[in-house]
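# Geometric and topological summary
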Amino acid sequence: MLPSTSGIPSSPYRDLIRLATLAPSGHNTQPWFFTQGDRCIHLHPDHSRRLPVVDPDDHALWISLGCALENLAIAARCAGFSPRIQPQLTTEHPVLSVYLEPSDTPPSPIDLALQDAMSQRQSTRCAYDPRDIPADHLQRLIQASQQAGIQVRLFSTPDAMEPFITWVREGNRQQFSDRAFVEELMQWIRFSRREVQRHQDGIPSRAIGMPYVPRWLGKRLMTWFATPQSQAQQFEQRIHQSSALLLFIADHHDRPHWVNLGRSFQRVALTATSLDLKHAHLNMPCEVLSVRSQMQQHFGLEDAQPLLLIRLGYANALPRAPRRSLDAVIQARAMDDPAPSSPSE
């Protein structure tokens, strides 16, 4: 089915965008919006949703866009398209374009399984059962991570995971000692059901083990209990309870590599979900520059950047983070942006 001429995609374009929006993002900010070209869906950054304290260079924002891009590409293949990705990342108005041509090739079983996992995948922020992950499942995760310019390192024994305890502890200490960081985090926590329903973004307090309460009480509880020491202790326990850690490393610190890292992570997250594994971020040591530098030196990375650390294990699902409606993320045309060029121009 061809796109409508109204500027708002018709099905299956809306279905593809809906699946793209199921991707993870920092604090569940969902920092994206979509426009449509000729047989094309354009994915744009929404800078009004950036996190200037925890992500001042926007690398996490672009990792989130990479996750959404990977969902979009997988869903397009499953819908009978041959997607061709054309990033335009060095322009004043960067965009990720996915050109959609009909394909006679049936979707692969792997893509179908990954698409099925999209609605089940979640960042599960709770204690895990740290039983061993079968070796063939670990191998599938590593295979899923393959992406140009991205390294992924697996740590699946207590000795291998031990150094991360020091880095996570120090990252937590610095972040939760920073009032601006705590304030930014609390801006994106939805402390009540009413806030979840109104905003359709952010982190529901139930997803981090808190009850739904009024915002004034939730902020007080965060101030009382989310201390640098308590957070460091909690996440040290989370590492001990993990079956494995995965560290994602970008060979270069620029938008193309950030996007590719997001694509790599999303395929791993979807593969893990299909294997009944849960995952969550342990990103404090990647977000604090001094701690990131310690990891670079420890692993001999030189200029390569360790930008994403996740834990894996077995657990029950938690309440799902909300998503904004399609009408909120689809625009007829990018505001203040020139019309995206076609691949022939």
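Residues numbered from 1 in each chain as written. Predicted model: local features only at pLDDT ≥ 70, side-chain atom pairs only at ≥ 80, totals over all residues. Heavy atoms only, no water.

Looking only at helices and strands, the chain has 13 helices and 10 strands in total. A globule of 345 residues ought to have a C-alpha radius of gyration of about 20 Å, and the chain, at 20 Å, matches this closely. By its C-alpha atoms, the chain is 55 × 45 × 35 Å across when sized along the principal axes. Taken across its 345 residues, the chain has 54% of its residues classed as buried. Taking all contacts inside the chain whose residues are at least 6 apart in sequence as the whole, residues at least 24 apart take part in 74%. Carbon together with sulfur atoms contributes 50% to the accessible area of the chain, which is approximately 15500 Å² in total. Taken as two groups, the 34 positive and 34 negative side-chain charges of the chain have centres that lie 8 Å from each other. (Helix = DSSP H or I, 4+ residues; strand = E, 2+ residues; numbered from the N terminus. Rg over C-alpha atoms; globule rule 2.2 N^0.38 Å. Buried < 20%, exposed > 50% of the residue type's maximum accessible area, 1.4 Å probe, protein only. Contact = heavy atoms within 4.5 Å. Areas by Shrake-Rupley, 256 points an atom, 1.4 Å probe, with all protein chains shown as cover. Lys, Arg positive; Asp, Glu negative; His and termini not counted. Charge placed at Lys NZ, Arg CZ, Asp CG, Glu CD.)

A separate point is the sheet that holds strand 2 (residues 40-45). The antiparallel open sheet is built from four strands, whose spatial order is 1-2-4-3. In this open sheet, the two edge strands, each paired with only one partner strand, are strand 1 (32-37) and strand 3 (81-88). The sheet shows a mean angle of 20° between the axes of neighbouring strands, taken without regard to direction. Pairing between strand 1 and strand 2: six bridges, direction antiparallel. (Pairing = 2+ DSSP bridges. Axes fitted to C-alpha atoms, helices over the stretch in contact; angles between N-to-C directions.)

To continue, consider the environment of Leu 72. Mapped onto the elements, Leu 72 comes out in helix 2 (residues 59-78). As for Leu 72 and Thr 21, which are separated by 51 residues in sequence, their C-alpha atoms are 8.6 Å apart. Every residue in contact with Leu 72, bar those within four places of it in the chain, is listed here: Leu 16, Ile 17, Ala 20, Ile 41 and Val 98.

It is worth spelling out the pattern of salt bridges at this point. A side chain of one charge can pair with a side chain of the opposite charge if their charged atoms are brought near each other. Using the criterion set out here, one finds 12 salt bridges in the structure. Between Glu 70 and Arg 263 there is a salt bridge; the shortest N-O distance is 2.7 Å. In this pair, Glu 70 sits in helix 2 while Arg 263 sits in helix 10 (residues 255-274), placing the two residues 193 residues apart along the sequence. The same class applies to Glu 70 and to Arg 263, which are both buried. Notably, a salt bridge pairs Glu 236 with Arg 169, separated by 3.0 Å at the nearest N-O pair. Of the two residues, Glu 236 is situated in helix 9 (residues 228-240) and Arg 169 in helix 5 (residues 158-176); the sequence distance between them amounts to 67 residues. Judged by relative accessible area, Glu 236 falls into the partly exposed class, the value being 24%. A single network of salt bridges, built from pairs that share partners, joins Asp 46, Arg 49, Arg 190 and Asp 201. (Salt bridge = Lys/Arg side-chain N within 4 Å of Asp/Glu carboxyl O.)

Further remarks concern the packing of helix 4 (residues 135-144) against helix 10. As a packed pair, helix 4 and helix 10 sit with axes 8 Å apart at the nearest point and diverge in direction by 155°. Comparing their axes, helix 10 and helix 4 come out roughly antiparallel. In this structure, helix 4 crosses over helix 10, and the sense of that crossing is right-handed. From helix 4, Arg 140, Leu 141 and Ala 144 reach across to helix 10, where they touch Ser 264, Arg 267, Val 268, Thr 271, Ala 272 and Ser 274. (Parallel < 35°, antiparallel > 145°, perpendicular 65-115°, else oblique. Left-handed = near helix turned anticlockwise from the far one by under 90°.)

The next thing to look at is the packing of aromatic side chains. Describing an aromatic ring pair means giving the distance of the ring centres and the angle of the ring planes. Scanning the entire structure with this criterion turns up eight aromatic pairs. An angle of 85° between the planes, with centres 5.1 Å apart, marks the rings of Phe 164 and Trp 167 as edge-to-face. Taken together, the residues Phe 164 and Trp 167, both in helix 5 and three residues apart, mark about one turn of the helix. This pair shows no difference in class: Phe 164 is buried, exactly as Trp 167 is. Considering the side-chain rings of Phe 176 and Phe 181, the 5.3 Å spacing of their centres and the 75° angle between planes classify their relative orientation as edge-to-face. You can call Phe 176 buried: its relative accessible area is 13%. Ring pairs connect the aromatic residues Phe 155, Phe 164, Trp 167 and Phe 299, which therefore count as one cluster. One residue, Arg 131, lies across the ring of Tyr 314, its end atom 3.8 Å from the ring centre. (Phe/Tyr/Trp six-rings, centres within 6.5 Å; stacked < 30°, edge-to-face > 60°. Lys NZ or Arg CZ within 6 Å of the ring centre and 35° of its normal.)

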